[in-house]
Amino acid sequence: MKTNLKLSLIAGLLAVTGAVYAQGPMGGQCDPAMGPGIGMRHDRMGKMDPARMQAMMEKRDAVLKAQLKLTPAQEGAWKTFVDARKPAASAANLQRPDPVEMAKLTTPERLDKMKTLREEHQKAMTAAMTKHDEATRAFYTALTPEQQKVFDAVALPGHGHGDRKGFRPAPAAKP
């Protein structure tokens, strides 16, 4: 009898502790003083606001353009380069399949559907990357050797065109 009572008390204590822990230090509420997005990351699920991302890209582009000191003759190559990095319309249309429609399918049919969607997504991503690569190469060849050095130093592939705090400044010209 004593063992059952102890086990019941421990189980009850664990249940209450779990419920309190799930509420978090603020009773499950986010502190509005922390600002938008802070303390609310679970709502965003890692998705970034497209308008905010576009604004960041435009800011980086403006900084890079200023650092490169482009001539009017290079403007066409610059525009092609910038436009090639914009998300393709087809990539925006790639969404999850309708759960109602997926529920009507058998498991092998669902697997086939997901495989087809994944392959379409990969093709779209490959096409977008190819377009970006070609535009970057064309733009790079339109630059002078000095501008190419600045571009090489600032726009490193795979580094988000700069460090986490923003665009790196162009290297100082050596006297």
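Conventions used here
- Residues numbered from 1 in each chain as written.
- Predicted model: local features only at pLDDT ≥ 70, side-chain atom pairs only at ≥ 80, totals over all residues.
- Heavy atoms only, no water.
- Salt bridge = Lys/Arg side-chain N within 4 Å of Asp/Glu carboxyl O.
- Helix = DSSP H or I, 4+ residues; strand = E, 2+ residues; numbered from the N terminus.
- Buried < 20%, exposed > 50% of the residue type's maximum accessible area, 1.4 Å probe, protein only.
- Core = buried A, V, L, I, M, F, W, Y, C linked by side-chain atoms within 4.5 Å.
- Contact = heavy atoms within 4.5 Å.
- pLDDT = per-residue confidence, 0-100.
- Axes fitted to C-alpha atoms, helices over the stretch in contact; angles between N-to-C directions.
- Parallel < 35°, antiparallel > 145°, perpendicular 65-115°, else oblique.
- Left-handed = near helix turned anticlockwise from the far one by under 90°.
- Nonpolar A, V, L, I, M, F, W, Y, C, P; charged D, E, K, R; others polar.

(A) Inspection of the pattern of salt bridges at higher detail. Scanning the entire structure with this criterion turns up four salt bridges. Note that Asp 61 is salt-bridged to Arg 85, the shortest N-O span being 2.3 Å. Here Asp 61 is found in helix α3 (residues 50-68), whereas its partner Arg 85 is found in helix α4 (residues 75-85), with 24 residues between them in sequence. For Arg 85, a relative accessible area of 14% puts it in the buried group. Between Glu 75 and Lys 65 there is a salt bridge, and its shortest N-O distance comes to 3.0 Å. Pair noted here: Glu 75 is in helix α4 and Lys 65 is in helix α3, with a separation of ten residues, a long-range link. The partly exposed category is assigned to Glu 75, whose relative accessible area is 29%.

(B) Here's a closer look at the nonpolar core. Formed by 13 residues in total, the largest nonpolar core has its most connected members in Leu 64, Leu 68, Trp 78, Phe 81, Phe 139 and Phe 151. When residues of this core are assigned to their parent elements, the largest contribution, four residues, is made by α4. If sequence neighbours within four positions are ignored, Trp 78 has contacts with Asp 61, Leu 64, Lys 65, Leu 68, Leu 70 and Phe 139.

(C) Examining the confidence of the model for the protein chain more closely. Mean pLDDT over the protein chain works out to 75, with 62% of the residues at or above the 70 mark. Throughout residues 25-43 the model reports pLDDT below 50, and contacts reaching past four residues in sequence, or to other chains, amount to eight contacts. In the predicted structure, residues 160-167 sits below a pLDDT of 50 and forms 15 contacts with residues beyond four places in sequence or in another chain.

(D) Here's a closer look at the packing of α4 against helix α7 (residues 107-142). Their axes nearest at 8 Å, the elements α4 and α7 cross at an angle of 160 degrees. Judged on the interaxial angle alone, α7 and α4 are roughly antiparallel. Remark: the crossing between α4 and α7 carries left-handed chirality. Taken together, the residues of α7 that come into contact with α4 (itself represented by Ala 77, Trp 78, Thr 80, Phe 81, Asp 83, Ala 84 and Arg 85) are Lys 131, His 132, Ala 135, Thr 136, Phe 139 and Ala 142. Tallied by class, residues from the contact of α4 with α7 come to seven nonpolar, three polar and three charged.

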